[in-house]
Amino acid sequence: MGVSSAGVTAFQDVQERIRARERERLAATARESGDQIAALRQQLEHERRFRDETGQLIEMPLHVKLGGGAGQDNHLRIHFAWSSDYAQILVGHIGRHLRTARS
């Protein structure tokens, strides 16, 4: 008892449609995830903007970490930016670790 070539072709067509739907589903999930990641990154970038003494928002992604040991409670972070207008370092945050995409 053999399988006809028409039966094989029909099976291959169904299999390809299933693969195509799965690719579409994965692409939609990736787009949604990408949108969520982009929104989170934008929010996190906003959390690294601090006001200077004039009220202007300054991005301060640079930071130094002080302390040691296990756990974030043993570390201090200082977020800062160089201001050529003032010829000085502006400090925007001294404290605990700010949120990241992984935390």
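Our subject in this report is the structure included herewith.

Reading guide: rules and limits
Residues numbered from 1 in each chain as written. Predicted model: local features only at pLDDT ≥ 70, side-chain atom pairs only at ≥ 80, totals over all residues. Heavy atoms only, no water. Helix = DSSP H or I, 4+ residues; strand = E, 2+ residues; numbered from the N terminus. Buried < 20%, exposed > 50% of the residue type's maximum accessible area, 1.4 Å probe, protein only. Contact = heavy atoms within 4.5 Å. Pairing = 2+ DSSP bridges. Axes fitted to C-alpha atoms, helices over the stretch in contact; angles between N-to-C directions. Core = buried A, V, L, I, M, F, W, Y, C linked by side-chain atoms within 4.5 Å.

### Considering the overall build of the chain
Check the secondary structure of the chain and you find 1 helix and 5 strands. Going residue by residue from the N terminus, the α and β elements of the chain occur as α-β-β-β-β-β. Evaluated residue by residue, the chain yields a buried proportion of 16% over its 103 residues. Partitioning the intrachain contacts of the chain with sequence separation of at least 6 by distance along the chain shows that 26% fall at a separation of at least 24.

### Some thoughts on the sheet that holds strand 5 (residues 88–95)
Here we have 3 strands laid out as an open sheet, ordered 3-4-5, and antiparallel in their pairing. The outermost strands of the open sheet, each flanked by one partner alone, are strand 3 (62–67) and strand 5. Mean inter-strand twist for the sheet, computed between neighbouring axes without regard to direction, equals 30°. Note: strand 4 (residues 75–83) against strand 5, 7 bridges, orientation antiparallel. The partner of tryptophan 82 across the bridge, within strand 5, is isoleucine 89.

### Quick word on the nonpolar core
Within the largest apolar cluster, 6 residues are counted, these being Phe50, Ile58, Met60, Ala81, Leu90 and Leu98. Here phenylalanine 50 is in contact with Gln56, Leu57, Ile58, Met60, His79, Gly92, His93 and Leu98, once residues within four sequence places are set aside.

### Description of the environment of histidine 93
Among the secondary structure elements, histidine 93 is positioned in strand 5. Once residues lying within four places of it in the same chain are set aside, the contact partners of histidine 93 are Phe50, Arg77, Ile78, His79 and Leu98.

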